[in-house]
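What follows is each chain in one-letter form.
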Amino acid sequence: MPEKKVPFSIEQIKEITKIYPTPFYIYDEKAITDNLKALQEAFAWAEFKEFFAVKATPNPFLMKLMQRVGIGADCSSLPELLLAEKVGIVGENIMFTSNDTPASEYRKASKLGAIINFDDISHLPFYEEHVGRLPELVCFRYNPGRAKEGNLIIGHPEEAKYGFTRKQLFEGYRYCQERGVKRFGIHTMVASNELDYTYFIETAEILFTLVKEISKELKLNFEFVNLGGGIGIPYRPEDEAVDLVKTGAGIREKYEEIILGAGLPPLKIYLECGRMVTGPYGYLVTKALHLKKTYKNYLGVDATMANLMRPALYGAYHHISVLGKEQNSNKETYDVTGSLCENNDKFAINRELPTVAMGDFLVIHDAGAHGHAMGFNYNGKLRSAELLLRPDGSFKLIRRAENMADLFATLDFAELENF
Ligand SMILES: *Cc1c(COP(=O)(O)O)cnc(C)c1O
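Values in this document were obtained by computation on a predicted structure and should not be read as measured data. (Residues numbered from 1 in each chain as written. Predicted model: local features only at pLDDT ≥ 70, side-chain atom pairs only at ≥ 80, totals over all residues. Heavy atoms only, no water.)

### Observations concerning the packing of aromatic side chains
- By the definition in use, this model includes 20 aromatic pairs.
- Ring plane angle 70° and centroid distance 4.9 Å describe the contact between Phe51 and Tyr270, whose orientation is recorded as edge-to-face. Here Tyr270 lies in strand 9 (residues 268-271) and Phe51 lies in strand 2 (residues 48-53), a separation of 219 residues in the sequence. Each member of the pair Phe51 and Tyr270 is classed as buried.
- Each residue in the set Phe96, Tyr106, Phe118, Phe126, Tyr127, Phe140, Phe164, Tyr173, Phe184 and Phe222 is aromatic and connected to the rest through ring pairs, giving one cluster. (Phe/Tyr/Trp six-rings, centres within 6.5 Å; stacked < 30°, edge-to-face > 60°. Helix = DSSP H or I, 4+ residues; strand = E, 2+ residues; numbered from the N terminus. Buried < 20%, exposed > 50% of the residue type's maximum accessible area, 1.4 Å probe, protein only.)

The following block contains the structure:
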């Protein structure tokens, strides 16, 4: 089984903790940018762009690194749009893929000149009423319903709240054409955390076929297909990463067959991946506080599910290394817990680890996406700092930890006196 490696040493962590106490997140800059370049390389045959799904890791420093290698932002809320704007990602470098969208968010997306990816046909008149003329470039999110099986996290497409039906796509594009819109895109996203690359080829085939049919019937030209996100990552040591080269090549084959084969003009290929961009390159570092031996071994650490919710929320596996003890043969089995008053506050259940001593650093792997971002303040827990491991081996603080003043910022204690 391939060993999951950590890109920093115990000595480096000891140095960091002199300034920043555990728990904290560390992201590996070089690994993130190298991986993005590999993704771009896999699609170099096309006019390609990745729009990073900001919700996965909404940190402007990471977004700026990505911007430097030509990545845009996939936003789905007002704060995500504001983050993109702060970084300087604007105009058609923003894909606004929202749902149940408030008018204020459409207005901001419109001001920024973002590509607006509509989730529903009823949003077209809603947009006209609350924002104004439809944008010059319009994209629709397609929900294939029974035409496609979903995967576990996203469920069956017909049970998913997202997107237009096939019939609504035709109606929607016609509606836009009648109002003078000339530029069009199409999007779908039916998988999440999918490791089978053929899934993405199938998704491309579905969209290319739709492009062909809609172009023909409505006599319109599509500018791009957005194949969504959902590329999975190998959380378990035995999992294999999606082969990006095979994925790109498979999609190219379908593109040549369906799009070029029909004599259609070239289409740009877009992705809006989040998880695969930052997930494997983010680590949650925590410290062993207590070993409690009752009916089981409970290893208490100083992080909680408020720092990383995925194990509690999805039963997700996150690999754990005991820093500096990776090669130790003495092992024990633990439930690794946090301190919330919730019994599902566990990072691992019945996990065999090198025997842990109190004060040891535990590194929780693959926490770079939907990790810090899903943090919350239950039990008054504070969100941790985020650090960036630079290519030169130095560390930069890219978000400070929350403090008590942050936690209580919305309370007016002075009012208590008069209450
Ligand atoms: C969450 C999401 C993504 C990113 O998904 P990943 O699984 O992180 O790649 C992309 N697009 C939309 C619309 C999403 O909701």
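### Re the site of the ligand
- Close to the ligand lie 14 residues; Lys55, Gly230, Glu272, Gly274 and Arg275 are nearest.
- Lys55 is positioned such that a nitrogen or oxygen atom in its side chain is 2.8 Å from an oxygen atom of the ligand.
- In isolation the ligand has 390 Å² of accessible area, and contact with the protein removes 89% of it.
- Structurally, the ligand is housed in the largest pocket. (Near = heavy atom within 4 Å. Polar contact = N/O pair within 3.5 Å; in protein donor to acceptor, adjacent residues only side chain to side chain. Areas by Shrake-Rupley, 256 points an atom, 1.4 Å probe, with all protein chains shown as cover. 1 Å grid on protein atoms, 1.4 Å probe; cavity = no way out; pocket = protein on both sides within 12 Å on 5 of 7 lines; lining within 4 Å. Sits in = over half its atoms within 2 Å of the grid points.)

### Examining the layout of surface pockets
- Its boundaries defined by the atoms lining it, the largest pocket holds a volume of some 740 Å³.
- Forming the boundary of the largest pocket are 27 residues, of which Lys55, Tyr162, Met189, Ser192 and His370 lie nearest the centre.
- In the lining of the largest pocket, the residues fall into 12 nonpolar, nine polar and six charged.
- Roughly 430 Å³ of internal volume is contained in the second largest pocket.
- Taken together, 23 residues make up the lining of the second largest pocket; nearest its centre are Thr22, Pro23, Asp302, Asn307 and Leu382. (Points joined across faces, edges and corners; volume = space filled by probe spheres on them. Nonpolar A, V, L, I, M, F, W, Y, C, P; charged D, E, K, R; others polar.)

### Points about the pairing of strand 4 (residues 94-97)
- Here strand 4 shows no split at all, with Ile94 and Phe96 on one side and Met95 and Thr97 on the other all buried.
- When strand 4 meets strand 5 (residues 115-118), the two strands line up parallel, connected through three bridges. Residue pairing for strand 5: Thr97 is matched across the bridge by Asn117.
- A crossover links strand 4 with its parallel partner strand 5, the connecting element being helix 5 (residues 103-111), and its sense is right-handed. (Pairing = 2+ DSSP bridges. Right-handed = clockwise from strand over helix to strand, strands pointing away.)

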